[in-house]
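So the chains spell out like this:
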Amino acid sequence: MAIYTPLFPTSTARWKQFVLTRRFTFASVILFISLILLSEVFLERGLGTRVISSFVSEPKKEPLSCSNPFEFDHHGPRPTYPRKANATFLTLARNSDVEGVIHSMKQVEGRFNKDRHYPWVFLNDKPFSEEFIACTSAATASRTYYGQIPREQWVQPDFIDEEKATKARKAMSKIRGVYYADSVPYRNMCRFYSGFFYKQPLLQNFKYYWRVEPDINYRCEIEYDPFLYLQDNNKSYGFTISVPEQYETTPTLWDTSMEFFNKNPRYLDPNNAMRFASKDGGKTWTRCTYWTNFEIGDLDFFRESEGYNKYFEHLDAAGGFYYERWGDAPMHGIAVSLLLDRDRIHHFDDFAYEHTAWEQCPDPSTPAYERGRCTCDYKNSMAVKWKR
Ligand SMILES: Nc1nc2c(ncn2[C@@H]2O[C@H](COP(=O)(O)OP(=O)(O)OP(=O)(O)O)[C@@H](O)[C@H]2O)c(=O)[nH]1
Ligand SMILES: *[C@@H]1O[C@H](CO)[C@@H](O)[C@H](O)[C@H]1NC(C)=O
Ligand SMILES: *[C@@H]1O[C@H](CO)[C@@H](O)[C@H](O)[C@H]1NC(C)=O
Ligand SMILES: [Mg+2]
């Protein structure tokens, strides 16, 4: 007997199907929500927050409240320090960076500066907002200074061929993995930190600077004064992390640099760190740089070194800050390695420093680490993982 399948379901069958589908939909909704909730539990900022926040309209951002000064740990007697260097923190930032800057200030104040009272210098290409000034001055017990960078030290200079620069930015932004490929402000920032930061009037009264960027972390107590370390040991430049520069941002930087140093060999220090920059005596570049978002250095070196300033002018005239995307890290790296006696360069390998995805966690034999004053894990640090 042939099985008879009705072309149209009876009303009962249709009803059943309807209920089943509904139940199925209902079950999947429940399953979806529980998955979201579970992900909330396991991930700090889970899928749920993102899914839900894409439905709920963003709450209007409250202006930061800075009425409560940064809370210092006032328990017990505070240490006092008989010696102090002629030094300041230095932060370049936009007004919109204020939260990240405060985060960094809490790190630096908490780990080091709360009892040392080194001042802070803030620089911006635009006037600082009242909010930025109120919040940053509330985050430290030290003096804070605010400066605006002269326009001609920030914007793309007139001798740059805009058409050529635009073409270069467009081409670079097609390459995967090159950050800020299309950004002019980023290039301004790199050029500023290469040739102009040490010329700012607010820095003239200081000898040493410690560069601090938004959203960095210091994972160990800093138990000695790195400024005094540089001063007492006759050092001019200190770094934490060394990273290779990408090829795409600097295809002609090394050759342009060698053009300068071949013409002006008198600027090369006889005891320089050329081997950091080149393994073959200058023919090719190692692409090694000191990662400049952390720097503790001697401003007088930058201000007084004729070699440094002439080298910057040579690079600037070549236009690579805009036709390519020369960074201040490769520029400082080459300059410091070739112009300075290598004994004047210091690796702060006992610092636990973190910026974006990169970190340095010191060896467990470091005093602060040994005494449990670090919150990074050496075993799982980047350097150890890479060695493995
Ligand atoms: N005033 C001002 N500051 C800027 C501008 N662009 C960058 N900065 C600051 O310059 C520093 C470096 O900029 P970042 O965007 O952090 O550059 P980066 O460290 O190479 O990149 P990230 O890995 O994204 O942090 C930070 O202190 C920024 O706040 C700008 O257009 N104006
Ligand atoms: C601090 O250093 C700057 C630059 O070297 C110098 O001009 C100034 O006199 C120094 N200040 C003190 C108090 O030593
Ligand atoms: C510091 O180093 C420079 C050269 O690298 C040298 O000329 C100077 O004498 C040194 N100063 C001291 C106090 O050792
Ligand atoms: Mg940064």
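Located above this text is the structure these notes cover.
As the structure is a computational prediction, the values presented were derived from the model and not from experiment.

Sorry if this is basic, but what is going on with the pairing of strand 9 (residues 295–298) here?
Within a regular beta strand, the side chains point alternately toward one face of the sheet and then the other, so they alternate between its two faces. Here strand 9 shows a buried face lined by Glu 295 and Gly 297 and a second buried face lined by Ile 296 and Asp 298. Strand direction decides the pairing type here: strand 6 (residues 237–239) and strand 9, joined by two bridges, are antiparallel. Residue Tyr 237 lies in a different strand from strand 9, and its bridge partner there is Gly 297.

What's the story with the packing of helix 11 (residues 306–318) against helix 13 (residues 328–339) in this structure? I'm lost.
Look at helix 11 against helix 13: their axes get within 11 Å of each other, and the N-to-C directions meet at 140°. Taken together, helix 11 and helix 13 sit at an angle that is classed as oblique. In this structure, the crossing between helix 11 and helix 13 has a hand that is right-handed. Each of Gly 307, Tyr 308, Tyr 311 and Leu 315 in helix 11 lies in contact with helix 13, whose residues at this interface are Met 331, Ala 335 and Leu 339. Class assignment of the residues belonging to the contact of helix 11 with helix 13 gives a composition of six nonpolar, one polar and no charged.

Just to check I follow, could you spell out the nonpolar core for this structure?
Where a protein is soluble and globular, its nonpolar side chains tend to be buried together. Formed by 69 residues in total, the largest nonpolar core has its most connected members in Phe 89, Tyr 208, Tyr 209, Ala 335 and Ala 352. Looking at which element gives the most residues to this core, the answer is helix 13, with seven residues. Residues from two domains meet in this core; each of domain 1 (82–149 + 200–220) and domain 2 (157–195 + 244–349) gives at least three. Look past the residues within four positions of Ala 335 in its chain and what remains in contact with it is Tyr 308 and Tyr 311.

What is the right way to read unusual backbone geometry from this model?
Where the residue is not glycine, phi is negative for most of them; where a peptide bond is considered, it is trans in most cases. Although it is not a glycine, His 117 sits at a positive phi angle of roughly 60°. On the secondary structure map, His 117 appears in the loop between helix 3 (98–111) and strand 2 (120–124). Phi angles above zero are rare outside glycine, and Arg 287 is one such case at about 70°. Checked against the element boundaries, Arg 287 lands in the loop between helix 9 (274–277) and strand 8 (288–290). The exposure class of Arg 287 is partly exposed, given the 17 C-beta atoms found within 10 Å.

What exactly am I supposed to notice about the sheet that holds strand 3 (residues 144–148) here?
Taken in spatial order, the seven strands make up an open sheet running 3-2-1-4-9-6-10, and their pairing is mixed. For this open sheet the edge positions go to strand 3 and strand 10 (345–347), each flanked by a neighbour on one side alone. The mean angle between the axes of side-by-side strands here comes to 20°, regardless of whether they run parallel or antiparallel. Pairing of strand 6 with strand 10 involves three bridges; the strand directions are parallel. Counted as the bridge partner of Tyr 237 is Ile 345 from strand 10.

I keep staring at the pairing of strand 3 and nothing clicks. Help me out?
Inspection of the sheet shows strand 2 paired to strand 3 by five bridges, in the parallel sense. Within the sheet, the bridge partner assigned to Leu 123 lies in strand 3 and is Gly 147. Assessed by its sense of winding, the connection that carries the chain from strand 2 through helix 4 (residues 130–138) to strand 3 is right-handed.

I tried to follow the environment of Tyr 267 on my own but got confused; where do I start?
Relative to the assigned elements, Tyr 267 resides in the loop between helix 8 (253–263) and helix 9. The exposure class of Tyr 267 is partly exposed, given the 18 C-beta atoms found within 10 Å. It is 8.1 Å that separates the C-alpha atoms of Tyr 267 and Glu 306, two residues lying 39 residues apart in sequence. Leave out the neighbours within four places in its chain, and Tyr 267 touches Phe 261, Gly 307 and Leu 339.

When you look at the site of ligand 1 in this model, what are you seeing that I'm missing?
Lining the immediate environment of ligand 1, one finds 13 residues, of which Ala 93, Asn 124, Pro 185, Met 189 and Glu 213 sit closest. Examining the composition of the shell around ligand 1, we find that three residues originate from one element, helix 6 (residues 184–195), more than from any other. For the shell around ligand 1, the per-class residue count stands at six nonpolar, three polar and four charged. Looking at which domains feed residues into the shell around ligand 1, each of domain 1 (82–149 + 200–220) and domain 2 (157–195 + 244–349) gives three or more.

Parameters and conventions
Residues numbered from 1 in each chain as written. Chains lettered and ligands numbered in written order. Predicted model: local features only at pLDDT ≥ 70, side-chain atom pairs only at ≥ 80, totals over all residues. Buried ≥ 20, exposed ≤ 12 C-beta atoms within 10 Å, placed from the backbone. Helix = DSSP H or I, 4+ residues; strand = E, 2+ residues; numbered from the N terminus. Pairing = 2+ DSSP bridges. Axes fitted to C-alpha atoms, helices over the stretch in contact; angles between N-to-C directions. Parallel < 35°, antiparallel > 145°, perpendicular 65-115°, else oblique. Left-handed = near helix turned anticlockwise from the far one by under 90°. Contact = placed C-beta atoms within 7 Å. Nonpolar A, V, L, I, M, F, W, Y, C, P; charged D, E, K, R; others polar. Core = buried A, V, L, I, M, F, W, Y, C linked by C-beta atoms within 7 Å. Domains from an automatic or database assignment. Right-handed = clockwise from strand over helix to strand, strands pointing away. Near = placed C-beta within 6 Å.

Such coordinate-based values are descriptive only and should not be taken to indicate function.
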